[in-house]
Amino acid sequence: MKRALSIYQYAAPLVLAPLSFLLWKREYSGNLKLAATAWLIPILWAYIVPGIGTNVLNVWEFDTRLRLGRFRPHHGFVFGSATAMIAWLVHGPPARDLWDVARNALILCSVIGFWNLLYEVKALQSGILHVYNQPWADGRDETAIALDYAPWFFGGFGALYGAGIGLMEWLDRRGALSMPIFAAAFGLVLVLTLTVPAGGYVLQSIRRHRHWGTRPVKRSC
């Protein structure tokens, strides 16, 4: 499993990053504003959130040959290109109303949350990823470790990412997606994906573990 994931982390982005962008561009008939939202948001998120989690908070750590501190520098494209491809595969007709925006949010919350939870468990089991959270400190298995953070970070991200795609499509359909509005909406979606899942995780950690979950937890002897 470790060998397969080690190959995947380099091979998949080389294929999926350009392919997912071209597919989204074709999906939107060359509309680069819509394509940029679907393709770039998960790449940026996967550089910012795991970058902070590894090299600032030290809660996560990648054990790979190519690293910057605790972070693998290509991680944005490992997660982002696969996520953009998954989103393209389940994408339906462009959103026509706010109900469609909500539908997009629910679909991507479910799909991205599920597949990334599965990936996290396999990455933890293979030793490519280490997460020093409370379940790890308590000696629990990889599934319990991943379940402590993955639903919020990946399911939460998926919901807001899906809503962001739908929002952009809805604005475009109404002829309201001028460059200033696009820039503001893109920034809003990115900020929400960065803050809401993290905030939900912190509140959950306080309730479950009586601490914020933003620092490594030491194992008891």
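Note that the structure is a prediction, hence the values are computed from the model and not measured. (Residues numbered from 1 in each chain as written. Predicted model: local features only at pLDDT ≥ 70, side-chain atom pairs only at ≥ 80, totals over all residues. Heavy atoms only, no water.)

1. Re the layout of surface pockets
In this structure, the largest pocket occupies an estimated 400 Å³ of space. If you trace the largest pocket, you find 24 residues lining it, with F79, N116, Y119, E120 and F154 closest to the centre. For the lining of the largest pocket, the secondary-structure elements that each account for two or more residues are α2 (32-55), β1 (60-62), α3 (75-90), α4 (98-126) and β2 (129-131). Classifying every residue of the lining of the largest pocket by side-chain character gives 18 nonpolar, three polar and three charged. The wall of the second largest pocket is formed by 17 residues, among which V49, G53, L57, F153 and A198 lie closest to the centre. When residues of the lining of the second largest pocket are traced back to their parent elements, those giving at least two are α2 and α8 (179-209). Within the lining of the second largest pocket, the residues separate by chemical class into 13 nonpolar, four polar and no charged. (1 Å grid on protein atoms, 1.4 Å probe; cavity = no way out; pocket = protein on both sides within 12 Å on 5 of 7 lines; lining within 4 Å. Points joined across faces, edges and corners; volume = space filled by probe spheres on them. Helix = DSSP H or I, 4+ residues; strand = E, 2+ residues; numbered from the N terminus. Nonpolar A, V, L, I, M, F, W, Y, C, P; charged D, E, K, R; others polar.)

2. Structural notes on α2
Over its 24 residues, α2 extends 33 Å from the first C-alpha to the last, a length consistent with the 34 Å expected when each residue adds 1.5 Å. A maximum bend of about 35° is found in α2 at L40, where proline P42 lies one to four positions downstream. Capping the start of α2, N31 holds a side-chain oxygen 3.1 Å from the backbone nitrogen of K33, two or three residues further along. (Expected span 1.5 Å × (residues − 1). Bend = angle between axes of the 7 residues up to and from the residue. Polar contact = N/O pair within 3.5 Å; in protein donor to acceptor, adjacent residues only side chain to side chain.)

3. Observations concerning the pattern of salt bridges
The tally for this structure, following the rule as stated, stands at five salt bridges. Ionic pairing is found between R67 and E61, a salt bridge with its closest N-O pair at 3.4 Å. Overall, E61 belongs to the buried group, its relative accessible area being 18%. Salt bridges here are not isolated pairs; linked through shared partners, they connect E61, R67 and R70. (Salt bridge = Lys/Arg side-chain N within 4 Å of Asp/Glu carboxyl O. Buried < 20%, exposed > 50% of the residue type's maximum accessible area, 1.4 Å probe, protein only.)

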